[in-house]
Amino acid sequence: MTEHNFERLKEHILPLSNATDWSNAKNEWRLVGIEVQEDWDSCPCGKEIKELCHLKNQLNGNVTHVGNVCVNRFIGIDTGNLFAGLRRIIDDDSANANEDLIIHAYQFGYIYESEYKFLMQTRRKRILSAKQIEWKRKINRRIVNQTVVRKKASYISE
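A few points about the overall build of the chain
Then step 1. Regarding its fold elements, the chain presents seven helices and three strands.
Then step 2. Listing the helices and strands of the chain from first to last along the sequence gives α-α-β-β-β-α-α-α-α-α.
Then step 3. Oriented by its inertia axes, the alpha-carbon framework of the chain measures out at about 55 × 35 × 20 Å.
Then step 4. Relative to its full complement of 158 residues, the chain shows a buried share of 41%.

Listed below in C-alpha cells is the structure:
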C-alpha cells in the first residue's frame, strides 16, 4: 500500500484554496461530514482509504475529501473518536454512539436536542427498555445516513 504523501496532498489542496501557502490554506477548510465506505477510495495523498472526511473551503465553497489520517496529521482537524463511534453504530444500530459522534451529529443537524440529551444520558448504559432501544435505533440510522432534521449549529456553515 502507498504511504501518506504530504506533497501530493498539498498539490491537491492548494489549487482548491484561496491562499497560496500551505500554512494559510489548511486553515480555510472545515470538516462537513464523515463517511465509512465498504469499497476502497483514494485520499489525495495517494493512500487507499475507507474512512473519508468531507471538507469544504469556507472562503470559496470548494469541496473535497481526504482520509482520516491526513485530516488529523496535515490539516489539523481532529476527528477524535468519530470513526470508532460511526463504525460501532453501522455494525449494530442498537449500539451506543460515543460522545464525539453524538456531538458531531447534533452540530450537523442529524439529531434533535431531545435525541442529543437521550443519547448522552444513555451512552454508557447497557440495559435499556424496548422502547428506548427502538428510539436509539431510529436515531442511529439517521446518523449513519447523515439525514439532516434541523438546521446546523450557527458556527457550522456549508
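Now that the structure is up, let's keep going.
A word on the confidence of the model for the chain
Then step 1. This prediction gives the chain a mean pLDDT of 91; 94% of its residues lie at or above 70.
Then step 2. Averaged over each element, pLDDT in the chain is lowest for helix α3 (residues 68-73) (90) and highest for helix α6 (residues 113-122) (97).

Digging into unusual backbone geometry
Then step 1. The phi torsion at Gln 146 lies on the positive side, around 55 degrees, for a residue other than glycine.
Then step 2. Mapped onto the fold, Gln 146 is located in the segment after α7 (130-145).

Looking at the state of the cysteines
Then step 1. Tallied over the entire structure, the rule returns zero disulfides.
Then step 2. Here Cys 45 is not cross-linked by a disulfide; its sulfur's nearest cysteine counterpart is in Cys 70, at 3.6 Å.
Then step 3. Overall, Cys 45 belongs to the buried group, its relative accessible area being 0%.

What about the nonpolar core?
Nonpolar side chains in soluble globular proteins tend to end up buried together.
Then step 1. Ranked by size, the top nonpolar core spans 35 residues in total, and within it Leu 9, Leu 55, Val 66, Leu 101 and Ile 143 carry the most contacts.
Then step 2. Looking at this core, the elements with two or more residues in it are α1 (6-13), β1 (29-42), β2 (48-57), α3, α4 (82-91), α5 (99-107), α6 and α7.
Then step 3. Those residues within four positions of Leu 9 in sequence are excluded, and the remaining contacts are Trp 22, Pro 44, Cys 45, Val 66, Cys 70 and Phe 74.

Quick look at the pattern of salt bridges
Then step 1. Counted according to the given criterion, the structure contains eight salt bridges.
Then step 2. When the shortest N-O distance is used, the salt bridge between Asp 93 and Arg 137 registers 3.0 Å. You can see Asp 93 sitting in the loop between α4 and α5 and its partner Arg 137 sitting in helix α7, a full 44 residues away along the chain.
Then step 3. Residue Asp 93 is classed as partly exposed on the basis of its relative accessible area, which comes to 23%.
Then step 4. By relative accessible area, which is 28% here, Arg 137 ends up partly exposed.
Then step 5. Salt-bridge contacts for Lys 117 lead to Glu 113; the nearest nitrogen and oxygen are separated by 3.5 Å. With a gap of four residues between them, Lys 117 and Glu 113 both fall in helix α6, about one helical turn apart.
Then step 6. Lys 117 gets classed as partly exposed once you look at its relative accessible area, which sits at 45%.

Conventions adopted
Within any chain, residue numbers begin from 1 and follow the written order of that chain's sequence. Local features in a predicted model are, by the rule used here, given only for residues with pLDDT of at least 70; side-chain atom pairs are given and counted only at 80 or more, and totals for whole chains, interfaces and linings are based on all residues. Heavy atoms from the whole structure form the basis of all side-chain values; hydrogens and water molecules are not counted. The way it works is that DSSP assigns letters per residue, a run of H or I at least four long becomes a helix, a run of E at least two long becomes a strand, and they are numbered from the N terminus. With a 1.4 Å probe rolled over the protein chains alone, any residue whose accessible area is under 20% of its type maximum counts as buried; one over 50% counts as exposed, and the rest are partly exposed. Every residue is assigned a pLDDT by the predictor, reflecting its confidence on a scale from 0 to 100. Cysteine sulfur atoms are paired as a disulfide whenever they come within 2.5 Å of each other. Here the nonpolar core consists of buried residues drawn from Ala, Val, Leu, Ile, Met, Phe, Trp, Tyr and Cys, with membership extended through side-chain atoms lying within 4.5 Å. Contact between two residues is taken to exist if any of their heavy atoms lie within 4.5 Å; hydrogens are not considered. The term salt bridge refers to a side-chain nitrogen of Lys or Arg lying within 4 Å of a carboxyl oxygen of Asp or Glu.

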